[in-house]
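Architecture at a glance
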Number of protein chains: 2
Amino acid sequence: MATEEPQRKPLIFIGNDDGYQADGLKFLVGIARQYGEVFISSPSTHQSGKSSALTVDVPLHATLFAEEEGLTAYHVSGTPVDSMKLAVSNLMPRRPDIVLSGINHGYNSGNSAIYSGTMGVVFEGSFLGVPSIGFSYGEYTAHPDFSSCEPVVRRMIELAVAGKLPTDVCYNVNIPKCRQVEGVKVVAAAPGRWTEEYDCRIDPHGRKYYWLTGNYVPSEPDNDQQDLYWLQRGYATVVPCRADQTAHSAISAISELI
Amino acid sequence: MATEEPQRKPLIFIGNDDGYQADGLKFLVGIARQYGEVFISSPSTHQSGKSSALTVDVPLHATLFAEEEGLTAYHVSGTPVDSMKLAVSNLMPRRPDIVLSGINHGYNSGNSAIYSGTMGVVFEGSFLGVPSIGFSYGEYTAHPDFSSCEPVVRRMIELAVAGKLPTDVCYNVNIPKCRQVEGVKVVAAAPGRWTEEYDCRIDPHGRKYYWLTGNYVPSEPDNDQQDLYWLQRGYATVVPCRADQTAHSAISAISELI
């Protein structure tokens, strides 16, 4: 496309899962606008933990909430992936050149990526074949100071704008809560398991109910090829990911069994 | 465990995403009970397209709806993955030996696996390190005849019970609608894209709303190493999968960029 329209700024899609009023989204938009035209489509409400969920039983509504030079912004009455798919299919003037998601309020490290609406948006971006990057910050409050994220966010966006990020994978970027990151490590997601997952309580009518909670226990806490190891040491991490979960290397051995 | 308690029947967890009253669940349970003790934990309501979504903002309720020799069954007021996690964490007498999910009413082939609650349950099973298999049938009606699924379901359960299924991967099994499957192929998920995704309508108040719809267009329709190719030709397909989406082979090249 660069040869056809060399002057056109990149069209940068931005989604998230914390909803359109989240500080992390605003911070990311503030940086991204310096690199291109921004199109936001974000859930109308908080949608944490929604993974790649789709809304199938009710229709979606889209509400335009900002439109100015270089920025168009909708919120959508569905999940993060609904918001992204509807934007690309019906709301955007053309396919985005870059897909960003976040900045999530809280980590999507280890196997949390599978539950992450932030990453759901990124996987959708990867299906479009464009550079797709999710950002998550290791603080869980409503109004974190995201400023230590800025150098990492800029670096990733600059690589994407320059066409230097391979698009056969997408990117899960986690940034630790700190004044300044020590550096950036490209690593694998740390395998592990959630334990003590539910807090069981008794309601006023004597019935049990269960709140999701839990602790993540990495299988190999000392493995320096994994994200948790470096996040705990003040480094940002980049995990290259693929939406397709096929275990290609296992196909021939399984074929012999079945 | 076999050396400690050689007589104990395997404990087979069964979940799904169509809800606890779905015919596909009942069909799968009917077969699985011939191989072990069955524990069902299934969503209270239809939960198609919920991927690995978690319920974080409201607590869950679990309702026992069947308890007899060799069978315990709950339905849970959440997503497929909520139902599975809560069962393993708080409802089951011990960790399951095998995890099954389905039979889904409709395919989870191609990249649909990423949106599938059926596969969400299976990925949870893989985190436990036990054989985990999702079954999906290519018919979308409420009351399909699942009988052509039986040989494939039995084969997979028998391999799992015999300890012959590798547990570093999990299994996405799709079965075409037909009188008798032609055979079983172990293949990759067919990459592709959804097109024409939303049907835009106007409500009585003049506002637009959007229904999810769409067609899946495989990138390589003639590739016989992919699931869609064989499903269209009457074969069942088994796609070995990994929950972890890290693109390990891309790490070193990306490291040099960042």
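Notes on the structure in this doc start here. For every chain, the first residue of the written sequence is number 1, and numbering continues from 1 along that sequence. Whichever chain is written first becomes A and whichever ligand is written first becomes 1, with later ones labelled in order. Note on the predicted model: pLDDT of at least 70 is required for a residue's local features to be given, and 80 or more for side-chain atom pairs to be given and counted; whole-chain, interface and lining totals, by contrast, use all residues. Side-chain figures throughout are based on the complete set of non-hydrogen atoms in the structure, without hydrogens or water.

Here we come to the packing of aromatic side chains. Classification of ring pairs rests on two measures: the distance between centres of Phe, Tyr or Trp rings, Trp counted by its six-membered ring, which must be within 6.5 Å, and the angle between planes, read as stacked under 30 degrees, edge-to-face over 60 and tilted in between. All told, the structure shown has 14 aromatic pairs over all chains when counted by the stated rule. For the ring pair Phe39 of chain A and Tyr74 of chain A, a centre distance of 5.8 Å and an interplane angle of 20 degrees mean the geometry is stacked. You can see Phe39 of chain A sitting in strand E2 (residues 37-43) and its partner Tyr74 of chain A sitting in strand E4 (residues 71-76), a full 35 residues away along the chain. The class for Phe39 of chain A is buried, based on a relative accessible area of 3%. For each residue, the accessible area found with a 1.4 Å probe, counting protein chains only, is set against the maximum for its type, and the residue is called buried under 20%, exposed over 50%, and partly exposed in between. Its relative accessible area of 17% is what places Tyr74 of chain A among the buried residues. With a centroid separation of 5.3 Å and an interplanar angle of 55 degrees, the aromatic rings of Trp194 of chain B and Tyr216 of chain B are classed as tilted. In DSSP terms, a helix is any run of H or I states spanning at least four residues, a strand is any run of E spanning at least two, and both are numbered starting from the N terminus.

To continue, consider empty space enclosed by the protein. Leftover empty space is mapped by rolling, across the atoms, a probe with the size of a water molecule. The rule is simple: put a 1 Å grid over the protein atoms alone, call a set of points where a 1.4 Å probe fits but cannot get out a cavity, call an open set with protein on both sides within 12 Å along at least five of seven lines a pocket, and count a residue as lining if it has an atom within 4 Å of a point. Grid points are joined across faces, edges and corners, and a volume is the space filled by probe spheres set on the points. The tally for this structure, following the rule as stated, stands at one cavity of 30 Å³ or more. Size it by volume and the largest cavity reaches roughly 100 Å³. As for the largest cavity, its lining consists of 17 residues, and the residues nearest its centre are Ser51 and Ile114 of chain A together with Ser51, Ser52 and Ile114 of chain B. Residue assignment for the lining of the largest cavity shows that the elements contributing at least two residues are helix H3 (117-127) of chain A together with helix H3 (117-127) of chain B. Looking at the lining of the largest cavity, the element that brings in the most residues is H3 of chain B, giving three residues.

Throughout, a residue-residue contact means that at least one pair of heavy atoms, one from each residue, lies within 4.5 Å. In this complex, chain B contributes 74 residues to the contact, which on the side of chain A involves 74 residues. Once two parts are brought into contact, the accessible area they lose, counted with a 1.4 Å probe and summed over both, makes up the buried area. Considering only the surface of chain B that becomes buried against chain A, Tyr210, Gln245 and Ile258 of chain B emerge as the three largest contributors, covering 12% of it. Think of a salt bridge as a Lys or Arg side-chain nitrogen and an Asp or Glu carboxyl oxygen that are within 4 Å of each other. Taken together, the connections running from chain B to chain A amount to two salt bridges. Glu197 of chain A is the partner of Lys85 of chain B in a salt bridge, and the nearest nitrogen-oxygen pair spans 2.8 Å. Within 3.5 Å is the distance limit for a polar contact, defined as a pair of N or O atoms, with the added protein rule that one can donate a hydrogen and the other accept it, and that residues adjacent in sequence qualify only through two side-chain atoms. Taken together, the connections running from chain B to chain A amount to 25 residue pairs in polar contact (both at pLDDT 80 or more). In terms of residue count, helix H2 (residues 80-91) of chain B provides more of the side of chain B that touches chain A than any other element does, seven residues in total. The nonpolar class holds Ala, Val, Leu, Ile, Met, Phe, Trp, Tyr, Cys and Pro. Asp, Glu, Lys and Arg form the charged class, and all remaining residues, Gly among them, are polar. Its residues assigned to classes, the side of chain B that touches chain A shows 44 nonpolar, 15 polar and 15 charged.

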